[in-house]
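Here's the letter readout for the chains.
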Amino acid sequence: MTEPGIWHFLLGNLSWHALPFVRAWRDPSVSEVIGAAAAAIVVLGAVALFVVITRFGKWRYLWSEWVISLDHKKIGIMYIILAGIMLTRALIEAVLMRTQQAVAINASGVVGPNHFAQLFSTHGTIMIFFMAMPFLTGLINYVMPLQIGARDMAFPYLNSVGLWLTVSGALLMMVSLVVGQFSTGGWSGYPPFTELSFNPGPGPDYWIWAVTLSSIGSTTVGINIACTLYKMRAPGMAWMRMPLFCWTALCTAILMIFAMPPLTVATLLLAADRYAGMHFFTVGHGGNMMNYVNLFWLFGHPEVYILILPAFGVYSEVISAFSSKELYGYTSLVVATAAIAVLSFTVWLHHFFTMGQSADINAFFGIATMTIGVPTGVKIYDWIWTMFRGRVRFTPPMLLSIAFMMTFVLGGFTGIILATPPLDFMFHNTLFLVAHFHNMLIGGLLYGLLAGYMYWFPKAFGFRLNEAWGRISVCCWVGGFYLAFMPLYVLGAAGLARRTQEIFDPAFRPWLIVALCGALVLFAALISLFVQLYVSIRDRDHNRVPVGDPWDARGLEWSIAAPPPEWNFVTIPHVGNRDAFYWRKRNQGAYRPADHYRDIELPKDTACGVIIGLAAGVCGFGLVWHIWWMAVLCLAVIVATVILRAFERDVTRIIPAARVEAVDRQWLAQAEAAQPTPREREQSAENQGLAQWMA
């Protein structure tokens, strides 16, 4: 074999030109310099993280306590950390896109067309697959088993595999900043924009394998959540006694199970087109691009409700807790949640009203799209009635919930416009649709996820978040959203197309500048979240809530210590009514020792999940660059790991009863020593997690 042949075997299509630093050296344009700077930030960030962990000697701790852990709580926290990292990148890209559009009035702006196309592709892909999905999965992972009185998920090992598959997909997204370029085909990856003849570079391949890993991971998560809720509820917890967050988690899991496989099939068929010349979606060679579009949106619209339903569950918990009232209309909320899940599979065609279907088909899907707004309206009214005559405390999670209701209703009105096929024909490819989409996902999803993060943070870490910085963050999120996206409704109605890198009508400039200001305020909101976290960690001794119930909440997750022990519950609780912990507190049944302390069996930690996930990520990198030996080797590692794990029998460990009793009695002593705190002082140092109970 010749020397070039050896290098091609070892490195595939990888070359020096794939590095953004080399491209910026050869072509020092503003766009290339920005790309090189982004790559440098990723590299320097990774190096800095390595140095810090090494400096403090935390590698062993991270490996043994976090990376190989099967504890659902730690896996949930790692999901949320991943979401925070990816949110930071995606928001920076959003600011850069808004900057480009604001300055590119009859001018080239700061990034070129190809770079701009990469930005909106990565922004959408990250926000959907690597911010929203990990965030909601992390919340469900952490909270749901605690709410149903379980010690872990049904399949702890599968839980770890799902996490590390998602992490590997996110790593491919980050690597694409440093090696090669990302797809220019948008977050939906439509052919022919992602076909080999149109886009032969590595970008679409990065998108395919990152999204495929994410979708497979999400499918495993859906199976795990559904099985946990079906099989591991505490004795007495009938279906209609589950918290609303668990109902939304169940419906989300069912949607994941049925909606994620069409996406996996679509990306793998697209990969077959690119790698093997199969032409499933190449119109000139017997394929049909609409097959891809149908497969993608058969996933894509249920995905919208996969994202929003957990947020609805968070609002139900937050509004009830901070209104000091039982949730109004529980049964109607459950029915509305199930109705949304069913109807979500009947509306995917509205994403291509403009593609030339018959009027009858468009009318059916338009009516179905409007119908799905009815159960959402039911939820809004139930939340309003929950607050009515309640003792409402305007904490940051509650403020986000109120902002959601106002913003989401406005977004729903614009959704009715887009559900009307003739109007959608005019607005579909304009910024009006971008404004509506973000209206629903920021005002609905992101506010809910942030509210859940703030609400359950004391349970996870044992101390409260700083409320002052929380309020600043809420103001920035809400104000930034309205500044950033309300102008887009005006611009879309005026005909400004989406995905536009350069704009030729100076009349659009004022609105684009306002939108840019809004994007900067949103970025300030993110910064304030990080400041809030830093200040809270710094002052954690002042804000500790070890007893575990700082909000006088109602669910079982608040009946144990904060943070919870690794086994969650000393004994599996028996549930006699809907708000089990609430009624225990009112009937002097809380904070009592167990009748008998017994050994507890927990899953033993394993490295198999991280090995499978990271090997899949490296395999994806090998496939992107056609490094076949790398792809085959990593695939062999995955198969070998799965087989070896299947033969492993020592998969559990025992927590001795003596240790369980010691930890439990220490916590009970803290609860006995704590002073009940009234609600008006729940943000003071007096609050040790024992809220004053009120009728």
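All figures in this text were calculated on a predicted structure; none of them were measured in a lab. (Residues numbered from 1 in each chain as written. Predicted model: local features only at pLDDT ≥ 70, side-chain atom pairs only at ≥ 80, totals over all residues. Heavy atoms only, no water.)

### A look at the packing of aromatic side chains
Two descriptors summarise a pair of aromatic rings, namely the distance from one centre to the other and the angle between the planes of the rings.
Working step 1: Counted under the stated rule, the structure contains 45 aromatic pairs.
Working step 2: Here the aromatic rings of F245 and W456 are separated by 5.2 Å at their centres, their planes lie at 55 degrees, and the arrangement is tilted. Pair noted here: F245 is in helix α9 (residues 244-276) and W456 is in helix α16 (residues 431-461), with a separation of 211 residues, a long-range link. Neither F245 nor W456 differs from the other in exposure class; each is buried.
Working step 3: With a centroid separation of 5.7 Å and 75 degrees between ring planes, the pair formed by F322 and Y455 is classed as edge-to-face. Of this pair, F322 sits in helix α10 (residues 289-323) while Y455 sits in helix α16; the two residues are 133 residues apart in sequence, bridging distant segments of the chain. With respect to class, F322 is no different from Y455; both count as buried.
Working step 4: An aromatic cluster is present here, built from F129, W187, Y190, F280, F281, Y292, F296, W297, F299 and F437 joined pairwise through their rings.
Working step 5: A cation over an aromatic ring shows up here: R233 above the ring of W239, its NZ or CZ 3.9 Å from the ring centre. (Phe/Tyr/Trp six-rings, centres within 6.5 Å; stacked < 30°, edge-to-face > 60°. Helix = DSSP H or I, 4+ residues; strand = E, 2+ residues; numbered from the N terminus. Buried < 20%, exposed > 50% of the residue type's maximum accessible area, 1.4 Å probe, protein only. Lys NZ or Arg CZ within 6 Å of the ring centre and 35° of its normal.)

### Describing the domain arrangement of the protein
Working step 1: Partitioning the protein into structural domains gives domain 1 (1-57), domain 2 (58-544) and domain 3 (607-650).
Working step 2: Computed over C-alpha atoms only, the centres of domain 2 and domain 3 are separated by 29 Å.
Working step 3: Between domain 2 and domain 3, the contact holds 20 residues from the first and 17 residues from the second.
Working step 4: The contact between domain 2 and domain 3 buries some 1500 Å² in all, and 80% of this surface belongs to carbon and sulfur atoms.
Working step 5: Where domain 2 packs against domain 3, one counts 4 residue pairs in polar contact (both at pLDDT 80 or more).
Working step 6: It is helix α7 (residues 156-178) that contributes the most residues to the side of domain 2 that touches domain 3, 9 residues altogether.
Working step 7: Its residues assigned to classes, the side of domain 2 that touches domain 3 comprises 16 nonpolar, 3 polar and 1 charged. (Domains from an automatic or database assignment. Contact = heavy atoms within 4.5 Å. Buried area = accessible area lost by both parts, 1.4 Å probe. Polar contact = N/O pair within 3.5 Å; in protein donor to acceptor, adjacent residues only side chain to side chain. Nonpolar A, V, L, I, M, F, W, Y, C, P; charged D, E, K, R; others polar.)

### Here we look at the environment of F245
Working step 1: Look at F245 and you get buried, because its relative accessible area is 0%.
Working step 2: Considering only alpha carbons, one finds F245 and V334, 89 residues apart in sequence, at a separation of 10.0 Å.
Working step 3: The residues touching F245, leaving out its near neighbours within four places in the chain, are L139, I140, V143, M144, Q147, P310, G313, V314, E317 and W456.

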